[in-house]
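So you can see what is in the structure, the chains are spelled out below.
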Amino acid sequence: QEQMSGSFRPNASASGTVIGAKADALRTYLQSKTTDVEFSQTYNLVRASGEESGEEVLRMVTEIIGTEKAQELLKLFQLLCFLEDVAKNPSA
């Protein structure tokens, strides 16, 4: 049984709970570094960018949040999407 950040989810597998908590923490961090609109637009862009080249995604994210933030946060947005996917499908 896992206890993370004061939230207990008895029906979640241990890995799902830990990974889900990491995704929540990363989402909170990214939201603190961006406006609500920037977060939403960047998150949706990264989530939908599966076949785009890395350079093209960086260019599009730069248009939304600026060069400095894009360089710092793009990989974290990608990690957030990955962690969310793993948390949804811990056995996949």
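Scroll up to find the structure this text is about.
Reference entry: report on the structure contained in this document. These numbers come from a predicted model, not from an experiment. (Residues numbered from 1 in each chain as written. Predicted model: local features only at pLDDT ≥ 70, side-chain atom pairs only at ≥ 80, totals over all residues. Heavy atoms only, no water.)

**Quick look at helix α4 (residues 67-88)**
An ideal rise of 1.5 Å per residue puts 32 Å on 22 residues; α4 measures up with 31 Å between its terminal C-alpha atoms. At Leu 73, α4 is bent by approximately 45°, the largest bend along its length. Along α4, the residues that are buried comprise Ala 70, Leu 73, Leu 74, Phe 77, Leu 80, Cys 81, Leu 83 and Glu 84. (Helix = DSSP H or I, 4+ residues; strand = E, 2+ residues; numbered from the N terminus. Expected span 1.5 Å × (residues − 1). Bend = angle between axes of the 7 residues up to and from the residue. Buried < 20%, exposed > 50% of the residue type's maximum accessible area, 1.4 Å probe, protein only.)

**Observations regarding the side chain of Glu 84**
Counting through the fold element by element, Glu 84 comes out in helix α4. Using a relative accessible area of 10% as the deciding quantity, one classes Glu 84 as buried. Setting aside residues up to four positions removed in sequence, Glu 84 forms contacts with Ala 23, Arg 27, Tyr 43 and Arg 47. (Contact = heavy atoms within 4.5 Å.)

**Considerations on the packing of aromatic side chains**
What the rule picks out here adds up to two aromatic pairs. Centroid distance Phe 39 to Tyr 43: 5.9 Å. Interplanar angle 15°. Geometry classified as stacked. With a gap of four residues between them, Phe 39 and Tyr 43 both fall in helix α2 (residues 36-47), about one helical turn apart. This pair shows no difference in class: Phe 39 is buried, exactly as Tyr 43 is. Among the aromatic residues, those joined into a cluster by ring pairs are Phe 39, Tyr 43 and Phe 77. (Phe/Tyr/Trp six-rings, centres within 6.5 Å; stacked < 30°, edge-to-face > 60°.)

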